[in-house]
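Residues per chain, in single letters:
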Amino acid sequence: MASGIPTEIPCPSSSLRFRFSSIPSRDTRVFLRPGEYGGGPKRIRLNLSLKVSRRRASVWQTLQSSTVPCGLSAAEKLDVLVSEFRALTGPIDRVKRLLHYAAILPDFEESARVHSNRVTGCTTQVWLDVGFENQTSSGGGRMRFRADSDSEITKGFCSCLIWVLDGAYPEEVMAVRAEDLGPMNMGLVAHSRVSTWHNVLVSMQKRTKGLAMMVNGDEERDQFGSVAVAKKMKKKKKKAINGNLNSNC
Amino acid sequence: MALKLPPFKVPALASPFSSSRMAPGSRSAFSAAQCTSSSSSAALREGERPAPADLSLGHLTRPDFPILHQEVNGSKLVYLDSAATSQKPTAVLKTMQDYYERYNSNVHRGIHYLSAKATDEYELARKKVSNFINASEPREIVFTRNATEAINLVAYSWGLTNLKPGDEIITTVVEHHSAIVPWQIVAQKTGALLKFVGLDQDDLVDVGQLREMFSKKTKLVVVHHVSNVLASKLPIEDIVIWAHEVGAKVLVDACQSVPHMAVDVQAIDADFLVASSHKMVGPTGIGFLHGKIELLSEMPPFLGGGEMISDVFLDHSTYAEPPSRFEAGTPAIAEAIGLGAAVDYLSGIGMEKIHEYEVELANYLYGRLESVPSIRIYGPKPSESITRSALCSFNVKNIHPTDIATFLDQQHGVAIRSGHHCAQPLHGHLGISASARASLYFYNTREDVDNFIEALTDTITFFNSFK
């Protein structure tokens, strides 16, 4: 299978495997992203790009129909998305693309449309449901996200964010910066108070942090900073008092 | 054979307002020969320039606003968000630059020439504002950061001192958050009760309900003059009379009225009135509170620090007289002087002329918007007895206002606002989460409205094509 050539395949009911008949080159890139629905409801168009190792004789990639680990990290998926939107030069093209992604956003359960799932600060109404999937065979728990909005453009934003971060590890979620989403913005800067990108991403990260800490149940393993830093500072101060270290704390 | 005439050349029109610095109190120096209150009615052929007599106030003043002459996202900017903030004429910009270039200095305490000059100009700005709203004297004008801070000043200074448990503060569901939240805080601290007046069937504040709410317990009434969402105007003079009959004070939020019409605080007789500079072609960072001097004299300070004191000891301090008592720290000097220049500019046109033009623009906007399918415009329909301000908040069925505003901006360069416009209780009352709002000022034209409607129609067609 050559990279970059769109291929129409039946929508998988459970999993999807790809086999390369020959060792792909080091530079072969296979991107997997949700495309536009075309034809009947069971067909989905995929552009495939995947980094592969030369040492492998064949590459098997298992894709679930709902989750898309496909070997791409959240950062790589973000790159894919940024590239896609950067290629759309006209604002109307970006709006159209967002509206398409809005149309394929998974349904949001009414029971999740509660106050605690509201993302605050947006000019539109946005709901975000966050879950944690326990350790998988690939190791580590993964974050699960679902979102919805009363604005179609915002739904499109959410759809893109969901594609990037749904199924990602907590560290991957925390590593995304608002500035990274800049190319997808429709006129608003990423850190604007009313920027949907910013508010939804911040909400995803806050709730990821909370869930991950709760699941881990151990403050020492708070790799996201605040508690660990505070404890380190305390230890440093104690050492300084004991005369081993000068500290400005 | 048709005779081809050379293009009609109109000499470049210098704005009569660009460098005017009218004497305080001057309200209208605008020549009727220079514009008509009616906007240009004849369609112009390509290459044809309008004769001066056909030019509207919008056409004549636009050259004074450099920011309006640009493209955004590949389209000519159509700025319809003046209710959020107005654009600034060159005269205001130059005044502020002049301050920083020639006489920037701290005010009130300095001895040297620059300080004296800065102090003179700062206090002259106060006098200009005082004259602009016909206050009794300049001491009744307290410069604040904006109208929000002015309301907070009244809330924390007058409110905390004078409100007791059981006292009632009457306001409406239409108010801006800045007129609600400070009173929620003060009501919580003092035990006073906040009571809200709703809307009638015409989307107007139920004035009858308001009148019935007055009682001996009423100590304060907080009301808007003109609504930033409904475009409606309250009968402020009557409300003040009713309030005073029961011994209550009145605070008027005049943010949407002072920029657009002549406001006479002595005629209104409200106890407090607030407005923001940035909505009246002045700079951001400055606003004012008008308070009756007898009230201000009795009020304790809001913020403590330099400027507002008389003497400072280690264990206590004495305070300056109003307005200094309420202007702690180094003020926004350039901004105050810029506000003075804005007052000069508006006075050069004349507030009556501005209002007359905007009423016509408001009717035109409403009429054109009303014809858009599946649209709902909030607030009263204009009529012989009901005048709307030149703004329309609206929703289009099945299309989120933020989607509309985004597409208008990205595809057409039209700037409107979407959201709750700092009026969430009102939106809740109307049963909506958000609305779009187009708001005009005297530098807008009928062509702006036409461009907006054309863009809006295209936007609706676009989104409907995806459904």
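Being a predicted model, the structure only gives us computed values, none of them experimental.

*Asks:* Hey, could you run me through the overall build of chain A in this one?
*Replies:* Counting secondary structure elements, chain A contains 6 helices and 6 strands. Per-residue burial over chain A gives 42% buried out of 249 residues. Contacts spanning at least 24 positions in sequence make up 61% of the contacts within chain A whose residues lie at least 6 apart. For chain A, the exposed surface amounts to about 14,000 Å²; the carbon and sulfur share of it is 50%.

*Asks:* Looking at this structure, I do not really get the nonpolar core. What am I missing?
*Replies:* Nonpolar side chains tend to gather and get buried jointly when the protein is soluble and globular. All names here are of chain B. Core analysis: the largest hydrophobic core is formed by 151 residues, its most contacted members being Phe-442 and Phe-452. Domain assignment of the residues forming this core places at least three in each of domain 1 (32-42 + 51-80 + 350-464) and domain 2 (93-347). Residues in contact with Phe-452, not counting those within four places in the same chain, are Leu-80, Leu-365, Leu-369, Phe-394, Leu-408, Val-414, Ile-416 and Ala-438. Counting 27 residues, the second-largest nonpolar core is a separate cluster that includes Leu-163, Ile-169, Val-186 and Ala-192.

*Asks:* Before we go on, may I ask you to explain the sheet that holds strand E13 (residues 375-377) of chain B in this structure?
*Replies:* Sheets are built from strands paired through backbone hydrogen bonds, the pairs being either parallel or antiparallel. Residues and elements named next belong to chain B. With antiparallel pairing, 4 strands are arranged side by side in an open sheet as E13-E14-E17-E16. At either margin of the open sheet sits one strand with a lone partner, and together these are E13 and strand E16 (417-419). Here the average twist between neighbouring strands, direction ignored, is 30°. Bridge count between E13 and strand E14 (residues 391-396): 3 bridges; the pairing is antiparallel. Each residue of the ladder has a partner; that of Ile-375, found in E14, is Val-396. Along the sheet, helix H12 (residues 401-412) makes contact with E14, E16 and strand E17 (435-439), crossing E16 at roughly 155°.

*Asks:* When you look at the packing of H12(B) against helix H14 (residues 446-465) of chain B in this model, what are you seeing that I'm missing?
*Replies:* Residue and element names in this part refer to chain B. One can describe the packing of H12 onto H14 by two numbers: an axis separation of 10 Å at closest approach and a directional angle of 115°. In terms of orientation, H12 lies roughly perpendicular with respect to H14. Judged by the twist between their axes, the crossing of H12 over H14 is right-handed. Listed contacts from H14 to Asp-403, Ile-404, Phe-407, Leu-408, Gln-411 and His-412 of H12 are Phe-452, Ala-455, Leu-456, Asp-458, Thr-459, Phe-462 and Phe-463. Taken together, the residues of the contact of H12 with H14 sort by class into 8 nonpolar, 3 polar and 2 charged.

*Asks:* Looking at this structure, I do not really get the environment of B:Val281. What am I missing?
*Replies:* Residues and elements named next belong to chain B. Relative to the assigned elements, Val-281 resides in the loop between strand E9 (272-276) and strand E10 (287-291). Since its relative accessible area comes to 0%, Val-281 is described here as buried. Taking the C-alpha atoms as reference points, Val-281 and Ser-82, separated by 199 residues in sequence, lie 9.3 Å from one another.

*Asks:* How do you make sense of the interface of chain A and chain B when you look at a structure like this?
*Replies:* Buried accessible area, meaning the area lost when the parts come together, often serves as the stated size of an interface. On the side of chain B, 13 residues touch chain A, which itself brings 16 residues to the contact. Regarding the contact of chain A and chain B, the summed buried area is about 1,300 Å², with carbon and sulfur atoms giving 68% of it. Our count for the contact surface shared by chain A and chain B stands at 0 salt bridges. In this assembly, chain A and chain B are joined by 5 residue pairs in polar contact (both at pLDDT 80 or more). Per element, the largest residue contribution to the side of chain A that touches chain B is 6 residues, and it comes from helix H2 (residues 91-103) of chain A. Grouping the constituent residues of the side of chain A that touches chain B by class yields 6 nonpolar, 7 polar and 3 charged.

*Asks:* Looking at this structure, I do not really get the confidence of the model for chain A. What am I missing?
*Replies:* Do not read the fine detail of predicted coordinates wherever pLDDT is low. All names here are of chain A. For chain A, the mean per-residue pLDDT works out to 68, and 52% of the residues sit at or above 70. Within chain A, strand E4 (residues 61-64) has the poorest average pLDDT of any element, 30, and strand E6 (residues 142-149) the best, 94. Considering only residues more than four positions removed or in separate chains, one finds that residues 219-228, a stretch of pLDDT under 50, has 16 contacts. In the predicted structure, residues 244-249 sits below a pLDDT of 50 and forms 9 contacts with residues beyond four places in sequence or in another chain.

*Asks:* Is there a simple way to explain the UniProt feature "domain: Aminotransferase class V" (unreviewed entry) in chain B in this structure?
*Replies:* Taking the numbering used here, the UniProt-annotated feature "domain: Aminotransferase class V" (unreviewed entry) corresponds to residues 78-452 of chain B. From the first C-alpha to the last, residues 78-452 of chain B spans 7 Å; its make-up is 41% helix and 17% strand.

*Asks:* Any chance you could explain unusual backbone geometry here in plain terms?
*Replies:* A negative phi angle is the norm for most residues apart from glycine, just as the trans form is the norm for most peptide bonds. Residue and element names in this part refer to chain B. In this chain, Pro-322 is followed by Pro-323 through a cis amide linkage whose omega measures 5°. Looking at where Pro-323 falls in the secondary structure, it is placed in the loop between strand E12 (317-319) and helix H10 (333-349). Unusually for a residue other than glycine, Asn-134 sits at a positive phi of about 60°. Position of Asn-134 relative to the elements: it lies in the loop between helix H3 (113-132) and strand E4 (141-144). Phi is positive for Glu-307, close to 75°, though the residue is something other than glycine. Within the fold, Glu-307 resides in the loop between helix H9 (293-298) and strand E11 (309-312).

*Asks:* What am I meant to see in the confidence of the model for chain B here?
*Replies:* Residue and element names in this part refer to chain B. Residues of chain B with pLDDT of at least 70 account for 89%, and the chain-wide mean is 90. Confidence over residues 1-44 falls short of pLDDT 50; this stretch has 81 contacts with residues more than four positions distant or in other chains. On the interface metric, ipTM, the complex scores 0.78, and its pTM is 0.79.

*Asks:* Would you mind going over the environment of B:Val92 with me for this structure?
*Replies:* Residue and element names in this part refer to chain B. Relative to the elements of secondary structure, Val-92 occurs in helix H2 (residues 90-103). Judged by relative accessible area, which is 1%, Val-92 ranks as buried. Filtering out sequence-adjacent residues up to four positions away, Val-92 remains in contact with Val-281, Pro-283, Gly-338, Ala-341 and Ala-342.

*Asks:* Would you explain the domain arrangement of chain B in this entry?
*Replies:* Residues and elements named next belong to chain B. For chain B, the assigned domains read domain 1 (32-42 + 51-80 + 350-464) and domain 2 (93-347). Taking only C-alpha atoms into account, the centre of domain 1 sits 28 Å from that of domain 2. With 35 residues of domain 1 in contact, the opposing surface of domain 2 contributes 32 residues. Counting the surface lost from both domain 1 and domain 2, the interface buries some 2,500 Å², and carbon and sulfur atoms represent 62% of this. On the domain 1 side of the contact with domain 2, Met-351, Leu-426 and Tyr-441 bury the most area, a combined 24% of that side's loss. Our count for the contact surface shared by domain 1 and domain 2 stands at 1 salt bridge. Residue Asp-203 is joined to Arg-376 by a salt bridge in which the shortest nitrogen-to-oxygen separation is 3.4 Å. Where domain 1 meets domain 2, there are 15 residue pairs in polar contact (both at pLDDT 80 or more).

Reading the values: the criteria
Every residue gets a number counted from 1 within its own chain, in the order that chain's sequence is written. As they are written, the chains are lettered A onward and the ligands numbered 1 onward, keeping that order. Selection of residues for local features in this predicted model requires a pLDDT of at least 70, selection of side-chain atom pairs for listing and counting requires 80 or more, and totals for whole chains, interfaces and linings are taken over all residues. The side-chain quantities take in all heavy atoms of the structure and omit both hydrogens and water. Numbering of helices and strands runs from the N terminus, with a helix taken as a DSSP run of H or I at least four residues long and a strand as a DSSP run of E at least two residues long. Any residue under 20% of the maximum accessible area for its type is buried, any over 50% is exposed, and the rest in between are partly exposed; the area is computed with a 1.4 Å probe on protein chains only. Whether two residues are in contact is decided by their heavy atoms, any of which lying within 4.5 Å being enough. Exposure was quantified through the Shrake-Rupley algorithm and a 1.4 Å probe, taking into account, for residues, occlusion by the shown protein chains and nothing else. By nonpolar core is meant a set of buried Ala, Val, Leu, Ile, Met, Phe, Trp, Tyr and Cys residues that side-chain atoms within 4.5 Å join together. Where each domain starts and ends comes from a domain assignment, either automatic or drawn from a database. DSSP calls a pair of strands paired once it identifies at least 2 bridges connecting them. Between N-to-C directions, angles span 0 to 180 degrees; the directions come from axes that are lines fitted to C-alpha atoms, helices contributing only their stretch in contact. In this scheme, roughly parallel covers angles under 35 degrees and roughly antiparallel covers those over 145, while 65 to 115 is roughly perpendicular and the rest are oblique. Should the near helix be turned counterclockwise from the far one by less than a right angle, the crossing is left-handed, whereas a clockwise turn marks it as right-handed. Three categories are distinguished: nonpolar for Ala, Val, Leu, Ile, Met, Phe, Trp, Tyr, Cys and Pro, charged for Asp, Glu, Lys and Arg, and polar for the others, with Gly belonging to the last. Buried area is understood as the total, over both parts, of accessible area removed when two parts are fitted together, assessed with a 1.4 Å probe. Should a side-chain nitrogen of Lys or Arg be within 4 Å of a carboxyl oxygen of Asp or Glu, the pair is scored as a salt bridge. The term polar contact refers here to a pair of N or O atoms within 3.5 Å; inside protein, the definition further demands a hydrogen-donor-capable atom paired with an acceptor-capable atom, and it admits residues adjacent in sequence only when both atoms are side-chain atoms. The pLDDT value tells you how sure the predictor is about a given residue, anywhere from 0 up to 100. UniProt positions are given in the numbering used here, feature names are shortened, and annotations may be inferred rather than shown by experiment.

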